[in-house]
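Residue strings, one per chain:
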Amino acid sequence: MALAASHRRRALVMIDQGVSSLSNVVVSIVVARALSGEGFGAFAAATIGFFLVIGIARAFLGEPLLALYSHATPDARRRLVPDMLGASLVVSVVCGVGVAAFGAVIGGPSGLALEALGVVMPCIIVQDFWRYAFIVDRAGMALAVDLAWLAGVLVALPLAPDDAGPAWYVMAWGLTAGLGAVLGLVISRIRHWPHPFRWLVDHRDTGGRFFGEFLTGSAVSNIVMASVGGIAGLDVLGAVRASQVFYGPLNTIHNGIYLTVVPEGAQARDHPSRLLKIMIVATAGVVTASVALMVVGLVLPDAWGSALFGSTWPDAQELMFPMGLAMLTGGLATGGYAGIRSLGAVRESLRARLQAAAPQLVLPVIGVALAAGWGYSVGLAVAQAAMALIWWAAFRRALVARQARVATGEEAAQQDAPMTSTGTR
């Protein structure tokens, strides 16, 4: 019975990730077809703002919940929901005001799109919060929240007036997220008023470290991509981005596996061999998917590639193999990364992220300077391999440290202590 429930949850989480990604794809396709190049660029600016803000929100909300409470009882997690909801409202308002203010400063179509994003930010962040609140115990409800958003998108976007600009599409997209936010509120049946700051104060150290991880990863990624365009030119940057878009489904698979195995791993904390097996299997799954997609990229007919990526395809096609290797070596880090999160080893996680930043920043830039897009992809593949070694080494250290605490009885003694802001009991 427990095994069947586990398989059912895994399937629901993967379907949920697919629905979430499909919603983003549908919006991008509709907007790209409806707007001019400049208009779609303005919408893309809002999309970048969305990913930045949602990363910040998850650092303070969803990630601490998964890392620190996946091993707790369902009742204990449900008691956290009201305060987390209050925190999500605070984060959404602060981020919304910041985004809208930035949009007002830069002006133009991009500014209007960012202002619209700021207005609907509470709908978006609260909807995303419910996904994390439900993902451990009620994955079907997390799926329902995302389906509500997808349904709203499918209904609202075709109703766009002929003169609709990027701000209209951002507003419609964000408001439909409110359907998922309201559905989550109805399903959760919260019995007392949420405290707006308690979660953020109690988990300020944990949230701060996850925020540091997010900032490090985002900064490295943006600097490297800017270097590709600055060193090799926009044509090479376009080819690199096209190859990354082709391998985009791997991000969906990785996120789904992450949301699946972190709670399972957390519940296996006191069984090291079982935890290690979970992480090895998860890594093998991502690597297998990477190999399969790389084979597809290598044998994809030119006509299909041109239909998908237009004139960028010939250059992107040359990168299918090295970029596929980069995705494969990046997939090797899956178990180490998820394993550290399963152990709630927040300090070790941030340390590993900072250590991995150096090769991820330096090697792709050296590669693009030596051999343009091909060099970038090879440099990224080597950097990802180094990152995988760093995460697995950190996971092993955290696992050994936990075993030592359990052996000395420290962990058992800590079970009755309240959770502190540092993420320890």
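Residues numbered from 1 in each chain as written. Predicted model: local features only at pLDDT ≥ 70, side-chain atom pairs only at ≥ 80, totals over all residues. Heavy atoms only, no water.

Scanning the protein chain from N- to C-terminus turns up 18 helices and zero strands. Its C-alpha atoms give the protein chain a radius of gyration of 22 Å, within 12% of the compact-globule value 22 Å for 425 residues. Principal-axis analysis of the C-alpha atoms places the extent of the protein chain at approximately 65 × 45 × 40 Å. Relative to its full complement of 425 residues, the protein chain shows a buried share of 51%. Nonlocal contacts in the protein chain, meaning residues at least 24 apart in sequence, comprise 81% of its contacts between residues at least 6 apart. Across the protein chain, the 28 positively charged side chains and the 24 negatively charged ones have centroids separated by 11 Å. (Helix = DSSP H or I, 4+ residues; strand = E, 2+ residues; numbered from the N terminus. Rg over C-alpha atoms; globule rule 2.2 N^0.38 Å. Buried < 20%, exposed > 50% of the residue type's maximum accessible area, 1.4 Å probe, protein only. Contact = heavy atoms within 4.5 Å. Lys, Arg positive; Asp, Glu negative; His and termini not counted. Charge placed at Lys NZ, Arg CZ, Asp CG, Glu CD.)

Axes are the key here: two packed helices are described by the angle between their axes and the distance separating the axes. Where helix H11 (residues 249-266) meets helix H12 (residues 272-299), the closest approach of the two axes is 10 Å, and the angle between their N-to-C directions is 170°. Considering their axes alone, H11 and H12 lie roughly antiparallel with respect to each other. Each of Pro 249, Leu 250, Ile 253, Ile 257, Val 261, Glu 264 and Gly 265 in H11 lies in contact with H12, whose residues at this interface are Leu 275, Ile 278, Met 279, Ala 282, Gly 285, Val 286, Ala 289, Ser 290 and Leu 293. Class assignment of the residues belonging to the contact of H11 with H12 gives a composition of 12 nonpolar, three polar and one charged. (Axes fitted to C-alpha atoms, helices over the stretch in contact; angles between N-to-C directions. Parallel < 35°, antiparallel > 145°, perpendicular 65-115°, else oblique. Nonpolar A, V, L, I, M, F, W, Y, C, P; charged D, E, K, R; others polar.)

Relative to the helices and strands, Ser 227 resides in helix H9 (residues 204-232). Its relative accessible area of 17% is what places Ser 227 among the buried residues. Sequence-distant contacts of Ser 227, that is, excluding residues within four places in its chain, are made with Ala 232 and Val 365.

So, about the pattern of salt bridges. Counted according to the given criterion, the structure contains 11 salt bridges. Close ionic contact of Arg 131 with Asp 16 constitutes a salt bridge, the shortest N to O distance being 3.3 Å. Highlighted residues: Arg 131 in helix H5 (residues 108-135) and Asp 16 in helix H1 (residues 2-34), separated in sequence by 115 residues. Exposure class is identical for Arg 131 and Asp 16. Each is buried. (Salt bridge = Lys/Arg side-chain N within 4 Å of Asp/Glu carboxyl O.)

Turning our attention to the side chain of Ser 88. Along the chain, the position of Ser 88 falls in helix H4 (residues 74-106). Setting aside residues no more than four positions away along its own chain, Ser 88 makes contact with Leu 61, Ile 125, Val 126 and Phe 129.

The subject of this paragraph is unusual backbone geometry. One non-glycine residue, Ala 372, adopts positive backbone phi at about 50°. Relative to the helices and strands, Ala 372 is located in helix H17 (residues 346-408).

All told, the structure shown has 13 aromatic pairs when counted by the stated rule. Measuring from ring centre to ring centre gives 5.8 Å for Trp 392 and Phe 395, while their planes differ by 65°; the resulting arrangement is edge-to-face. Of this pair, Trp 392 and Phe 395 both sit in helix H17, three residues apart, roughly one helical turn. According to the relative accessible area criterion, Phe 395 is buried, its value standing at 1%. Through a chain of ring-to-ring contacts, the aromatic side chains of Phe 43, Phe 50, Phe 51, Trp 149 and Trp 173 assemble into a single cluster. (Phe/Tyr/Trp six-rings, centres within 6.5 Å; stacked < 30°, edge-to-face > 60°.)

If you trace the backbone, Ala 113 turns up in helix H5. Each C-alpha atom of the pair Ala 113 and Pro 166 lies 5.8 Å from the other, and the pair is 53 residues apart in sequence.

Counting 90 residues, the largest nonpolar core has Leu 117, Ile 124, Ile 125 and Trp 130 as the members making the most contacts within it. When residues in this core are grouped by element, the largest group, 15 residues, is from H5. Core analysis: the next-biggest nonpolar cluster, separate from the first, contains 28 residues, Val 220, Ala 289, Ala 316 and Met 323 among them. (Core = buried A, V, L, I, M, F, W, Y, C linked by side-chain atoms within 4.5 Å.)

Attention shifts here to H12. Across its 28 residues, H12 extends 41 Å between first and last C-alpha, which sits within 8% of the 40 Å expected from 1.5 Å per residue. Within H12, the full set of buried residues consists of Leu 275, Ile 278, Met 279, Ala 282, Thr 283, Val 286, Val 287, Ala 289, Ser 290, Leu 293, Met 294 and Gly 297. (Expected span 1.5 Å × (residues − 1).)

The pLDDT averaged across the protein chain works out to 86; a share of 94% of its residues lies at or above 70. Per-element confidence in the protein chain is highest for helix H15 (residues 320-331), whose mean pLDDT is 94, and lowest for helix H18 (residues 410-414), whose mean pLDDT is 49. Confidence drops under a pLDDT of 50 for residues 412-425, and excluding neighbours within four residues, the segment shows 23 contacts in the predicted structure. (pLDDT = per-residue confidence, 0-100.)

This paragraph deals with the environment of Ile 125. Structurally, Ile 125 is set in helix H5. Relative accessible area serves as the criterion here: at 1%, Ile 125 is assigned to the buried category. In the structure, Ile 125 is positioned 49 residues away from Gly 174 in sequence and 9.7 Å away in space, judged by C-alpha atoms. If sequence neighbours within four positions are ignored, Ile 125 has contacts with Val 53, Ile 54, Ala 57, Leu 61, Ser 88, Val 91, Ser 92 and Cys 95.

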